[in-house]
Amino acid sequence: MEGRLVVAVSPHIRAEMDTRKVMMGVLISLVPGIVAGVWFFRWHALVLLASCLAGTLSAEASACILRKKPSTLGDLSAAVTGVLLAMVLPPTLPFWAAFLGGVVAVGVGKQVFGGLGQNIFNPALVGRAFLMAAFPVLMTTWVAPGPEAVTVATPLALMKFDHKATPLLDLLVGKVGGCMGETSALALLIGGLFLVLKGYADWRIPLSYLGTVAVLGAIPWAFRPDLYPSPMFHLLAGGLMLGAWFMATDPVTTPVTKVGRYMFGIGAGVLVVVIRLWGGLPEGVMYSILLMNAVTPLIDRYTVPVPFGGKR
Amino acid sequence: MRSFRGGVHPPYNKVTQDRPIERVRPPERVVVPLSQHTGAPCEPSVEKGQEVQRGQKLGEAKAFISAPVHTPISGVVKEIAPHPHPVLGEALAVVVEGGGEMEDWPRGEVDPDSLEPEEIRMRVREAGVVGLGGAAFPTAVKLSPPEDKPIDTVILNGCECEPYLTADHRTMLERAEDCILGLRLVMRAVGAERGMIGVEANKPDAMEALRHASDGEVEVVPLKVKYPQGAEKMLIKAVLDREVPTGGLPMDVGVVVQNVGTAVAVAEAVRDGKPLIERVVTVAGEVGRPGNYLVPIGTPFSYLLEVAGGLQEGASQVVMGGPMMGIAQRSLEVPVVKGTSGVLALRALPYEEGNCIRCARCVDHCPMELMPTLFVKFAKGERWDLLERAHIMDCIECGSCAYVCPARIPIVHYIKLGKLKVRSLK
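Per chain, residue numbering runs from 1 following the sequence as it is written. Both sets of labels track the order of writing: A upward for chains, 1 upward for ligands. In keeping with the predicted nature of the model, local features appear solely for residues at pLDDT of at least 70, side-chain atom pairs appear and are counted solely at 80 or more, and the whole-chain, interface and lining totals rest on all residues.

A. The arrangement of the overall build of chain A in detail. Put simply, DSSP H or I for four residues or longer makes a helix, DSSP E for two residues or longer makes a strand, and each gets a number counted from the N terminus. Looking only at helices and strands, one finds 12 helices and two strands in chain A. In chain A, the order of α-helices and β-strands from amino to carboxyl end is α-α-α-α-β-β-α-α-α-α-α-α-α-α. We take the radius of gyration over the C-alpha atoms and set the globule estimate at 2.2 Å times the residue count to the 0.38 power. Taken over the C-alpha trace, chain A has a radius of gyration of 20 Å; the compact-globule value for 312 residues is 20 Å, and the two agree within 12%. Counting only C-alpha atoms and orienting by the principal axes, one finds that chain A spans roughly 80 × 50 × 30 Å. Put simply, a residue is buried when 20 or more other C-beta atoms lie within 10 Å of its own C-beta and exposed when 12 or fewer do; between those, it is partly exposed, and each C-beta is set from the backbone. With 312 residues in all, chain A has 53% of them scored as buried. In this description, a residue-residue contact is defined by the distance between C-beta atoms placed from the backbone, which must lie within 7 Å. Sequence-distant contacts, at least 24 apart, represent 73% of the contacts inside chain A between residues at least 6 apart.

Below you can see the structure in the form of C-alpha cells.
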C-alpha cells in the first residue's frame, strides 16, 4: 500500500458531468431538430450532415496531428460544431461546399485560437459566415420541404420584401423553406427545453434573447400590423430558435457571469430585430450572435460579481 | 429552508451515521506533534526518557495563538523528533510508548453561570482545545474577542456537510448534553445572550436530541442540505442572514462559531479538567469496518485503519478529513491530530485536466460569489497582481468549483498556488 497512495489536491470526488457528457447532451438535444430536418429535406439533409461532419472532424483531427497533441475528437465538440453547421445551411448546398464550411468552422473558427475553449466566435457560425461570403448564391437558394425540391423564398424574405406573412402553424411545424435544421420551431423548442432542463446549458441567454426579440418585435407591430411581423412570427421564423437555444448557449463564446449572460441575450435580441426590420438582410440571427461573441470579453470584464461580504 | 447562495450537492455517502461512537484501544506508541493547530507550534515540556501520565502536558504554548498538547497514554517519552504530519508533511513530535486500556476520564461538576469568563478561557487554553471541525484554530483565542467587537450570538456548527463524515452527527446524538453545556460555557466566555445550533436537515435525530437536552433555551436551526453549509461564513449567512465582510471574521458581525465537537471538548475541559487527548474520527470508504471511533490523539493512521478492518481491495487514496476539503496522505504513519475529523480510504479516479470551456459552472456554484475562471487564468499566466484584485484571498477553498468542473481542472490547486504567491509577494 505504502508508496502507492495517490496524492492529489482536493476535492477527491467530482460531479459526473464532464466535457464529453455536456457535448453529448447538446447532441441529444439536437435530435428533434435533426429528425425534422431529415423529414422535410430527405437525403439533402443527410448529405449535408455527413459533409459538415466530415469537414469538422477531419479539421479537428488534422489540427491535433499538426500540433502534436492527442486527438480531441473524443470530447465531441467538433461533432457538435459539424451538426450545428449542417443545420444552418441551405439543404441543397453542394456537399463540397458543406465540407469546406466544416473545415473552416473548426480550422479557422476554433483550432487557430488553440482549440476547445479558446475561440472567440462560435465556430459553426464562422463556417456559415465564410460560406455566405464565398458562395452567396448557393447560400441563398432555398427549396420547399418535400422530395421535389422546388425553389422557394424563406418566410423572412417573403415578409421583408413582399410583406407576405407565412401561417404561424407552418412555421411551428417547419413546413417552410429555410436552413436544414432551422425550419421546425417546435422540434427545436423541445430540444432546447431538454438542453436547459438537464443542465447542459444555462437558461438565461435563451430566455433573455427570445424575450427581447418578442418585446421589441411587438412595438412596431402594435402600431402597423399590416407592415410589420407579429412577435410570434419573429420567434418562430428563421434561425432564432436554433440560434437562441443552441448557438447563443455555446459556453465558450458567451459570458461567464450571470448578469453578462442576460446582457448577451438582450444585445443579441436587439440586433436581430434591428437587422430583420431595418437591415439589408432578411435574417440577423447569425450576425447578432457573432457580434455579441465579439463583445463577450468586454461584458465579462465589466460584470464581475461583488464577492460574498463585499460592498454591494 | 435557510441556506446560502451557490454550493453543490455531492453524494453524501453517510453510511456510518448509525454506527455508535466506539472507543479505540490505544496503541502502544503514540506520536503527538507539537503543532496540531493554526498558529505557533508549542515547545516541548518533557524530556526524552521521562515518565508521563495520561493527560500530562507534552508541549507548552508560548504564543497567544497556540495550544498545548498532552499525552493520551501513560508511558515513557521515547523521542522528540520530526515525524510525518498529516497537514504539515513533517513536524516535530513527541513519541510516547506505554499503552493500556483507556478509562473514562473522571467527571467533575460545573455551574456555567458561576464561572468567570477568564476562568473558562484559562481552562480551555490549558486543555489545548482547538476547533475540531478541521481548521484547528485555538479555541481560547476565539473566546477572547476584543472589547470593540461585542458578541451577541454563539452558533454551534452541526452541519457536517462533508460527504462520508458522521463524527459530529454521532457526537450530537450521543453527547447532546455536553454540546449544550459547551455552548453555555462559550456564551458565558464571550458574553453572548443567544445560543443557536445550525444542523443540516438530514439529521433530524440529532436536532431532536439537542432540543431535548437544551429544554428549548437554545434554538436548533435546520439548514438546507447543501455543501459547504458548514463553512463558517455560509453558516452565519444561513442562520442569521449576516454576511461576514470580506477579509473579516465572524466577530465582525457579532458572532462566534464553534463546531459541536469543540463544544464537547470545552465542556470536558472546563467541567472535568480533561485535556484534548482524544477525538471522534469517522473512518469510512474502502475499509472493512467503517464507523465512528473515539481515537487517542497521536494514533498512527495505519493502526486506526487496522482497527477499522483494514484497507480493502481497490483503495488507492487515504484522505484526512472529508472528500471535498480533506488532505490526501502520502504515508500511513501520520498520526491522528486534533483536526482529524475523518480518515477515508477512497478509490482515486484518474482525472485528466482538459481545456476550460467557460461553462461557468464554477462561477455559478461558488458560495463566495467569486470567479474561479479568473483564478485559473491568472495563476497559469502568473499574473499574481491580478489574482489579488480578483479577490482570491476571499476563497475558502471549499472545492465546489473543482467538483463541478466538467473539464476536471484542479482549480483548488491553482488557487492554493495563487494564494501562496500573493502572500509571499506582500
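Next comes the rest of the account.
B. Up close: the interface of chain B and chain A. If you look at the interface, chain B gives 52 residues, while chain A gives 31 residues. Among the elements of the structure, β15 (317–320), α12 (400–404) and α13 (411–424) of chain B are those that each provide at least two residues to the side of chain B that touches chain A. Here the side of chain B that touches chain A is composed, by residue class, of 31 nonpolar, 13 polar and eight charged. Any residue outside Ala, Val, Leu, Ile, Met, Phe, Trp, Tyr, Cys, Pro, Asp, Glu, Lys and Arg is labelled polar, Gly included; the first ten of those are nonpolar and the last four are charged.

C. Representation of the sheet that holds strand β4 (residues 51–52) of chain B within the structure. Paired strands, as defined in this entry, are two strands with at least two bridges between them according to DSSP. As summarised here, the arrangement of the four strands in space is β2-β8-β7-β4 (chain B), forming an open sheet in which the pairing is antiparallel. Of all strands in the sheet, those bounded by a partner on one side alone are β2 (29–33) and β4 of chain B.

D. Spatial organisation of the nonpolar core. The term nonpolar core refers to a set of buried Ala, Val, Leu, Ile, Met, Phe, Trp, Tyr and Cys residues connected through C-beta atoms within 7 Å. Counting residues in hydrophobic clusters, the biggest one holds 231 residues, and the most contacted among them are B:V186, B:L304, B:F375 and B:I411. If one sorts the elements of this core by residue count, helix α1 (residues 19–66) of chain A sits on top with 15 residues. What counts as a domain boundary in this text is fixed by an automatic or database domain assignment. When we break this core down by domain, the ones giving at least three residues each are domain 1 (112–272) and domain 2 (361–425) of chain B. Discounting chain neighbours no more than four positions away, the residues touching B:V186 are B:L143, B:V154, B:V256, B:Q258, B:A263 and B:V266.

E. Inspection of unusual backbone geometry at higher detail. Residue A:P11 follows A:S10 across a cis peptide bond; omega there is -5°. Its location among the elements puts A:P11 in the segment before α1. Of the consecutive residues B:Y227 and B:P228, the connecting peptide bond is found in the cis state with omega at -5°. Looking at where B:P228 falls in the secondary structure, it is placed in the loop between β11 (219–223) and α6 (232–240).

F. Representation of helix α4 (residues 176–190) of chain B in the model. All names here are of chain B. Expected helix span is taken as 1.5 Å per residue step, with the number of steps being one fewer than the number of residues. With 15 residues, α4 extends 21 Å from end C-alpha to end C-alpha; this agrees with the ideal 21 Å at 1.5 Å per step. Burial of α4 is extensive: 14 of the 15 residues sit out of reach of the surface. Remark: G191 follows α4 within two positions and exhibits a positive phi of approximately 70°.

G. Up close: the pairing of strand β17 (residues 342–346) of chain B. All names here are of chain B. Of all five residues making up β17, five are buried, and the element is well covered by its neighbours. Of the two faces of β17, the one holding G342, L344 and L346 and the one holding V343 and A345 are both buried throughout. Of the strand pairs in this sheet, strand β13 (residues 278–285) and β17 are connected by four bridges, and their pairing is parallel. Bridging across to β17, A284 finds its partner in L344. Bridge count between β15 and β17: four bridges; the pairing is antiparallel. Pairing of M320 across the sheet is with V343, part of β17.

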